[in-house]
Every structure is written in C-alpha cells, then in structure tokens.
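Chain residues, written in single-letter form:
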Amino acid sequence: MEKKKVVVVAGTRPEVIKMSSVYMELQRSDLLEPVFLSTGQHREMLAQAFGAFNLVPDHDLELMKPGQDLTGLTARVLQAVGAYLEETRPDAVLVQGDTTSVLASAMAAFYQNIPVGHVEAGLRTYDMQSPWPEEMNRRLVSPLCRWHFLPTEVSKANLLNEKICEASCHVTGNTVIDSLLWMSNKVNAEEDRSVAVAERLNIPVFFRENFLEQKDKRWILVTAHRRESHGGGFDDICKALRQLAEDHPGVGILYPVHLNPAVREPVMEQLGNHERIALVEPAGYEDFVWLMNRCYFALSDSGGVQEEAPSLGKPVLVMRDTTERPEGVEAGTCELIGTDPKKICTAARVLLEEGAEYERRSQLKNPYGDGKAAKRIRTILEASL
Ligand code: UD1
Ligand code: UDP
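Procedures and definitions
- Residues numbered from 1 in each chain as written.
- Chains lettered and ligands numbered in written order.
- Predicted model: local features only at pLDDT ≥ 70, side-chain atom pairs only at ≥ 80, totals over all residues.
- Heavy atoms only, no water.
- Phe/Tyr/Trp six-rings, centres within 6.5 Å; stacked < 30°, edge-to-face > 60°.
- Lys NZ or Arg CZ within 6 Å of the ring centre and 35° of its normal.
- Helix = DSSP H or I, 4+ residues; strand = E, 2+ residues; numbered from the N terminus.
- Polar contact = N/O pair within 3.5 Å; in protein donor to acceptor, adjacent residues only side chain to side chain.
- Contact = heavy atoms within 4.5 Å.
- Near = heavy atom within 4 Å.
- Areas by Shrake-Rupley, 256 points an atom, 1.4 Å probe, with all protein chains shown as cover.
- Nonpolar A, V, L, I, M, F, W, Y, C, P; charged D, E, K, R; others polar.
- Core = buried A, V, L, I, M, F, W, Y, C linked by side-chain atoms within 4.5 Å.
- Buried < 20%, exposed > 50% of the residue type's maximum accessible area, 1.4 Å probe, protein only.
- Expected span 1.5 Å × (residues − 1).

Undergrad: Looking at this model, I keep getting lost on the packing of aromatic side chains. Mind explaining?
TA: Any aromatic ring pair is given by two values, namely how distant the centres are and how the planes are angled relative to each other. The final tally for this structure, using the stated rule, is nine aromatic pairs. The structure contains a cluster of three or more aromatic residues connected by ring pairs, namely Tyr-23, Phe-36 and Phe-50. Cation over ring: Arg-146 sits above Trp-147, and NZ or CZ is 5.4 Å from the ring centre. Sitting over the face of the ring of Tyr-296, Arg-218 holds its NZ or CZ atom 4.9 Å from the ring centroid.

Laid out in structure tokens, this is it:
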C-alpha cells in the first residue's frame, strides 16, 4: 500500500525544534511518509535549528524579508503554501504553535480541502493583545483543524469551551519535551564545552573565563523577542538587566539576542558596554540546551524556554504580563513577572539570595509531557488516515 503523505510545516526556530521530533517519528511509520516543508519565515535561525537535528527541509519556500510586516508575510505564506499544496496534494498537513506560518499554512490547507493537524493546540491567554499576534493566530487556527494535539488537560478544556468537537482533541503532551530529551541525550551537561560554545556564539573572553568556565559562578540566561514588548517593553527589560548586574556584582548575564532588528537595535544600544552582560548571537539548539543546563536560572519571554528549562531543573522568570502556559506557573516552575524593572529585580533577587527557595523551585516537576508526544501523534494519524 502506498504511504500517506503528511506535510510537516515549520517557519520559525521553535516550530523546527518542536516539529523535528514529530517528523523523525513519522519517518519510522510504515503507513505515513513525512515531508518537511519550510516556509522560510525565519532564515538563519531556521537553518540553525534544522542543523541541530541533522535535518534539511524537503522543500524551502524562502519567504523571509528583512524587517517583514505581518500583512506581507501572511499573504506570502498563504499564497506560496497554497500553490505548493495544490501541486503536491498531500493527505494531511501538520502545523505547530502560533506563528504567522501556522495560521497562513492552515488556511492554505483548508482552502485545498486537505485535513490539518495542530500540534500544541489549545493554548490561550484570552487577551488578543498578549501575546500579539499569536493569541489571534491560535484562536483562528483551531476551527480550521481536524486534529488538535494538546499538551495538557488545561489546553483540552480550552478547546471544549470553544465547542471544538471532543473526538478531535488528543492530549499528547508537548513535543518540545521529546525534542529536548533527544537533544539532552546528545549533550552531556557535565562535559566542558565552554571554549567551543564561546567561539560559536562570540562570547567575550572575560565572560567565558569568569563565568562559563567557573562552575561555582552564577549567571542568568536571558532571551526576549515578543512583539508586544517591542519599544517600551524592551527599554524596561534592558533597564532591568543593567540594574540586576549592578545589584549583584558576582553574577553574569548571558543573552543570545534574537535576529529581529526591532529587538537587536535597542538591546545592543542599551546593553552593549557592560562587562558582565554578554550579548551574543542566537545559539544553535545543542549549545542552547547546554547553556540552559549550566545557567542559574532563565529570564525569558519565550514560550519554549518556559516549557524546557524546568526539565533541566532551572526556574524561569517570565517577562510577560500573561502566559498561555498557566500549568508552569501553577506548578511553580515559572513565575510571571512582566517587564517592569522593579518586579524583575525583586523576583531575581529572591532566586539569587534565598537559597532554600531556589532549591525548592529547581526541584519541581515539569508539567509539559513525558517525551512521548510524537509517538502519540503518529499513532493517531496512522489510525485515522
Ligand atoms: C516570530 C513569530 C513568533 C515566534 C518567534 C520565534 C510571528 C508573527 N512571530 O517572531 O510568534 O515566537 O518568531 O522566534 O509569526 N530575522 C532574521 N533572520 C532570522 C529570523 C528573523 O534576520 O533567521 C529578522 C528579519 O529581519 C525578520 C525579522 O527578524 O523580518 C522578524 O521575523 P518574524 O518571523 O517576522 O518575527 P519574529 O519576531 O522572529
Ligand atoms: N533557543 C535556541 N537558541 C537560542 C534561544 C532559544 O535554540 O538562542 C530555543 C529554545 O530552547 C526553545 C526555542 O528556541 O526551544 C524558543 O524559541 P523562541 O524563543 O524564538 O520562540 P518562542 O518559543 O517564544 O515561540
């Protein structure tokens, strides 16, 4: 029997990371044949993420433009994915998460009458402005899909409240844990990669010698990129990081800066000259997992980092006003602190100065899955295609 063709779509770094485990699992199927389609919404960061899993997309639409706006990007993805699906006529399409690539690809598949599966479905803040535009993307994607692969029971309840048919809802866990475990097996946390990582990321010698290479020295891993924080939010984040460095003279800050110019310009300008704040290039996933293992805690607005770092025993302070990942906050592995410098500094001080509280939070259980989400997705697709 001919295998059913499943197009796995990814456009940005987190989609590649969270879909790689799904793609590799579908490759093991006797019934399904996965095809990795890159929209190319991201370019360098996408190539870096594919590289970490030794994968190359089967087809790349190469749609990124520098400083792209949402309307133009949405139109390009809709048109290009639509044309690709019309020509190749797969049996199913899988999208992951909440980016422009996800919404436009799901629409394109819907217009071609090809069934769509949504990986990491059912996340909600119920605030259309936060995260923007991701909350809208998720809300619009759900009614377009035949399968909803949900990370937790909370996400299932969200979809049931929206009158999505229960038979299409499958709680699988989040595929990010599958990918993280796959990568963690490759990356030995004890191995000293300081020199190689420092070289790849352009980490200054001072920071490498005084923090990365000193196991007893503490440093904070930072990532931030959310669109709703562009402008004032980033000014606040930069103020907070500088203040943190001043308040804690023995502590370092390592920040792999996202390639979006709306992030890069203010961050480089406002934090570029502090010895204990290392602003570096985006890290390959392998290096980033090693860094998460080595940091004291993470300060981040990233969805993926909220889900991953607690698996490695690292608390996360979330620099956002809302989160669609309440399970982590409830479990205590993540704390929602917004972008107000005072709140950031207060929350960081607790982790840096209250040893017992740090220990407690670094030992909590991660609620996002058991590393078998991709297997469950494969089983469901095999049974229904
Ligand atoms: C996008 C997603 C966001 C996701 C994030 C993950 C949307 C609307 N936003 O935000 O949900 O959390 O990716 O990182 O879908 N750029 C490069 N090279 C790259 C990547 C980006 O130069 O490899 C620059 C380009 O100038 C590009 C800009 O960043 O135009 C913005 O990229 P875009 O994908 O539109 O937005 P992100 O902020 O990356
Ligand atoms: N990540 C990475 N290198 C970095 C920063 C993050 O590989 O320099 C990984 C991180 O481990 C997580 C994902 O990228 O799996 C998160 O991507 P991002 O923060 O860009 O997007 P979000 O998760 O917020 O949508």
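Undergrad: What is the right way to look at the side chain of Asn-260 in this model?
TA: With respect to the helices and strands, the residue Asn-260 is situated in the loop between strand S9 (252-256) and helix H11 (261-271). Within the structure, Asn-260 has its side chain in polar contact with the backbone nitrogen of Ala-262 (distance 3.0 Å). Every residue in contact with Asn-260, bar those within four places of it in the chain, is listed here: Arg-227 and His-230.

Undergrad: Honestly, the site of ligand 1 in this entry has me stumped. Any pointers?
TA: The full set close to ligand 1 counts 24 residues, and His-42, Glu-44, Lys-65, Gly-67 and Glu-134 are the nearest of them. Between a nitrogen atom of ligand 1 and a side-chain N or O atom of Glu-44, the distance comes to 2.6 Å. In the environment of ligand 1, an oxygen atom lies 2.9 Å from a nitrogen or oxygen atom belonging to the backbone of Gly-67. Contact with the protein chains covers 95% of the free accessible surface of ligand 1, which is 750 Å². Among the residues making up the shell around ligand 1, the classes are represented as eight nonpolar, ten polar and six charged.

Undergrad: Even after reading the chapter, I still don't get the nonpolar core, so can you show me in this structure?
TA: One broad rule of soluble globular proteins: the nonpolar side chains tend to lie buried together. Core analysis: the biggest nonpolar cluster contains 57 residues, and Leu-94, Ile-203, Trp-219, Leu-254 and Leu-291 have the highest contact counts within it. In contact with Trp-219, other than residues within four places in its own chain, are Phe-207, Phe-211, Leu-212, Val-251, Gly-252, Leu-254, Leu-291, Arg-294, Cys-295, Tyr-296 and Phe-297. With 32 residues, the next largest nonpolar core counts Ile-220, Val-263, Ile-344 and Ala-348 among its residues.

Undergrad: I tried to follow helix H4 (residues 100-111) on my own but got confused; where do I start?
TA: In an α-helix, one turn spans 3.6 residues, which is why side chains three or four residues apart end up on the same side. Taking 1.5 Å as the rise per residue, H4 with twelve residues should run 16 Å; its terminal C-alpha atoms sit 17 Å apart, in good agreement. In terms of burial, H4 is largely enclosed, as nine of its twelve residues are buried. With a side-chain oxygen lying 3.3 Å from the backbone nitrogen of Ser-101, the N-terminal cap of H4 falls on Thr-99. Looking one or two residues beyond H4, the residue adopting positive phi is Asn-113, at roughly 60 degrees.

Take it as geometry only, folks, not as evidence of what the structure does.
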